[in-house]
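Residue-level structure breakdown
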Amino acid sequence: MARIVMKFGGTSVADLDRIKNVARHVKREVDAGHEVAVVVSAMSGKTNELVGWVQGMPKVVGGDSPFYDAREYDAIVASGEQVTSGLLAIALQAMDINARSWQGWQIPIRTDNAHGAARILEIDGADIVKRMGEGQVAVIAGFQGLGPDNRVATLGRGGSDTSAVAIAAAVKADRCDIYTDVDGVYTTDPRIVPQARRLKKIAFEEMLEMASLGAKVLQVRSVELAMVFKVRTFVRSSFEDPDAPGMGDFLNPPGTLICDEEEIVEQEVVTGIAYAKDEAQISLRRLADRPGVSAAIFGPLAESHINVDMIVQNISEDGSKTDMTFTVPSGDVEKAIKVLGENKDKIGYDVVQNESGLVKVSVIGIGMRSHAGVAATAFKALADKGINIKAITTSEIKISILIDGPYAELAVRTLHSCYGLDKN
Ligand code: ADP
Ligand code: ASP
Ligand code: MG
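Read on for a plain summary of the structure. Computed from a prediction, not measured in an experiment: that's the story for all the values here.

When helices and strands are tallied, the protein shows 13 helices and 18 strands. In terms of overall dimensions, the protein is globule-like: its C-alpha atoms have a radius of gyration of 23 Å, near the 22 Å expected for 424 residues. For the protein, the proportion of its 424 residues judged to be buried stands at 49%. Contacts spanning at least 24 positions in sequence make up 75% of the contacts within the protein whose residues lie at least 6 apart.

Here the focus is the sheet that holds strand S17 (residues 391-395). Pairing between the strands of a sheet comes from backbone hydrogen bonds, and it takes one of two forms, parallel or antiparallel. In space, the six strands of this open sheet follow the order S14-S15-S13-S16-S18-S17, with antiparallel pairing throughout. One side of each edge strand has no neighbouring strand; the edge strands of this open sheet are strand S14 (311-313) and S17. Within the sheet, the average angular offset between the axes of one strand and its neighbour, ignoring direction, is 25°. Pairing analysis gives eight bridges linking strand S13 (residues 272-288) to strand S15 (residues 321-329), with the strands arranged antiparallel. Along S15, the bridge assignment pairs Gln-281 with Thr-327. Packing of helix H9 (residues 293-303) onto the sheet brings it into contact with S13, S14 and S15, and relative to S15 it is tilted by some 20°.

Extensive coverage of helix H6 (residues 160-170) is indicated by the burial of nine of its 11 residues. What H6 keeps buried is the set Ser-160, Asp-161, Thr-162, Ser-163, Ala-164, Val-165, Ala-166, Ile-167 and Ala-168. Backbone geometry just downstream of H6 places Lys-172 in the positive-phi region, at approximately 55°.

Inspection of every chain in the model, using the stated rule, returns three aromatic pairs. Ring centres 4.5 Å apart and planes at 20° place the aromatic pair Phe-8 and Tyr-179 in the stacked group. Of the two residues, Phe-8 is situated in strand S1 (residues 3-8) and Tyr-179 in strand S9 (residues 175-180); the sequence distance between them amounts to 171 residues. Assessed through its relative accessible area of 0%, Phe-8 is described here as buried. Centroid distance Phe-298 to Phe-326: 5.1 Å. Interplanar angle 75°. Geometry classified as edge-to-face. Of the two residues, Phe-298 is situated in helix H9 and Phe-326 in strand S15; the sequence distance between them amounts to 28 residues. For the pair Phe-298 and Phe-326, a shared accessibility class is recorded, and that class is buried. Above the ring of Trp-102, the side-chain terminus of Arg-100 is found at 3.7 Å from the ring centroid.

This paragraph deals with the site of ligand 2. Surveying the vicinity of ligand 2 reveals the residues Ser-41, Ala-42, Thr-47, Glu-81, Phe-143, Arg-157, Gly-158, Gly-159 and Ser-160. The backbone of Gly-159 places a nitrogen or oxygen atom 3.4 Å from an oxygen atom of ligand 2. Contacts to ligand 2 include Ser-160, whose backbone N or O atom sits 3.0 Å from an oxygen atom. Out of a free accessible area of 260 Å², ligand 2 has 85% covered by protein chains.

The next point concerns the side chain of Ser-222. By secondary structure assignment, the location of Ser-222 is in helix H8 (residues 220-229). The buried category is assigned to Ser-222, whose relative accessible area is 1%. A polar atom in the side chain of Ser-222 sits 2.6 Å from the backbone oxygen of Gln-219. Beyond its immediate chain neighbours, meaning those up to four positions away, Ser-222 contacts Asp-161, Thr-162 and Val-165.

Further remarks concern the site of ligand 1. Neighbouring ligand 1 are 17 residues, the closest being Thr-180, Asp-181, Tyr-186, Asp-189 and Arg-191. Within the backbone of Gly-10, one N or O atom sits 3.1 Å away from an oxygen atom of ligand 1. Note that a nitrogen atom of ligand 1 is positioned 2.9 Å from one of the backbone N or O atoms of Tyr-186. For ligand 1, the accessible surface in isolation is 570 Å², of which the surrounding protein chains cover 88%. Split by residue class, the shell around ligand 1 holds seven nonpolar, five polar and five charged.

With an omega of -15°, the peptide bond between Ile-107 and Pro-108 qualifies as cis. One can find Pro-108 in the loop between strand S3 (99-102) and strand S4 (109-111). Even without being glycine, Arg-286 reaches a positive phi, approximately 55°. Checked against the element boundaries, Arg-286 lands in strand S13. Note on Arg-286: relative accessible area 43%, which makes it partly exposed. Residue His-305 is not a glycine yet carries a positive backbone phi of 60°. Here His-305 is to be found in the loop between H9 and S14.

The rules we used
Residues numbered from 1 in each chain as written. Chains lettered and ligands numbered in written order. Predicted model: local features only at pLDDT ≥ 70, side-chain atom pairs only at ≥ 80, totals over all residues. Heavy atoms only, no water. Helix = DSSP H or I, 4+ residues; strand = E, 2+ residues; numbered from the N terminus. Rg over C-alpha atoms; globule rule 2.2 N^0.38 Å. Buried < 20%, exposed > 50% of the residue type's maximum accessible area, 1.4 Å probe, protein only. Contact = heavy atoms within 4.5 Å. Pairing = 2+ DSSP bridges. Axes fitted to C-alpha atoms, helices over the stretch in contact; angles between N-to-C directions. Phe/Tyr/Trp six-rings, centres within 6.5 Å; stacked < 30°, edge-to-face > 60°. Lys NZ or Arg CZ within 6 Å of the ring centre and 35° of its normal. Near = heavy atom within 4 Å. Polar contact = N/O pair within 3.5 Å; in protein donor to acceptor, adjacent residues only side chain to side chain. Areas by Shrake-Rupley, 256 points an atom, 1.4 Å probe, with all protein chains shown as cover. Nonpolar A, V, L, I, M, F, W, Y, C, P; charged D, E, K, R; others polar.

Okay, structure coming up:
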């Protein structure tokens, strides 16, 4: 007998039939004698609808946010998961399984005060563990917890993955299964590249890069938690027949295991390609080339919570003037330009230029650490397709390349095949 956390994403609980199907997956594990906790997302599209409703309300002038009260945003958007947790508990009860729903505050899942993007601080798993020991299935609303202000706090988009892994760590589960609409983690988004291959295993570090560079199959924070707390995490499909052969295999369930790199025997040089849309580039022209300029630019941007990503600075020709280019999410361009304008005298630049609608494609693989020429292969392949590179950043295990938006899919496909990732 083992203890398993099963998480079901939005498309897996999109309607009543799918919720009944999820109940069959849960029943399979219960019948095998396992203790089970389930984490659910809102029905697909629901969270977007709720966010849209908030955005349709008048903006609060003079509040602590220029848009709306983030605590009320959380009260509203957390409701989607409340509905699905109750519905799944009923579906399980109808199959004679002892089950009840739990909201984040009932457990409680304690978070910090960053409403809308809260981090989990602590989970008291005692009650759930006790009930699981008595044969009850806990159906937990994902994406939410309780802030220090005693109010509902949500974990950022895609946050139910993080709820699941955090709960698995808190109750010391033997496994955390993330059920979604694809049957594992692929070498790239299988919806863009039909040639993508499913990975049997992927190392934590690689999955972290994939997720933070745009592969939304897992929320970044969930991978961090899985890595730190050594949670055995599988990504697998809820759309397969719950009773098909092998579905209940405890040691080798179908799907992709996220694990330590030592567990991966055949390490490829490149493991996957990720992409992130809606990037924007901002260039400051004719900056003074002196100490403190970068601090004068990026300090105020950070204080305004603008996430700066790729940064490229030119070596100046004459030692007096230089150019600086960096990227931010497209949605932050206006705000960034306003902040730069307010600090123009301190920074000392001539003009600001910007371009939106760009895409960052990234090549990821632990094998890069010990192989030369990986970046050159990408540059050549993109050049052969006539794709212009606007900026490049690299780390030990990834190369990120900024290109024009319309070339995104071509670039992802090109990189995927140039590293031999296409399936036969
Ligand atoms: P859920 O609602 O179950 O949380 P998400 O939509 O958040 O599901 O994540 C699953 C989606 O992630 C897939 O439908 C797929 O299009 C996308 N995806 C992006 N990159 C990858 C990848 N490398 N492997 C698998 N899926 C990926
Ligand atoms: N329902 C939330 C969202 O759409 C959380 C999740 O699905 O993981 O972002
Ligand atoms: Mg998701």
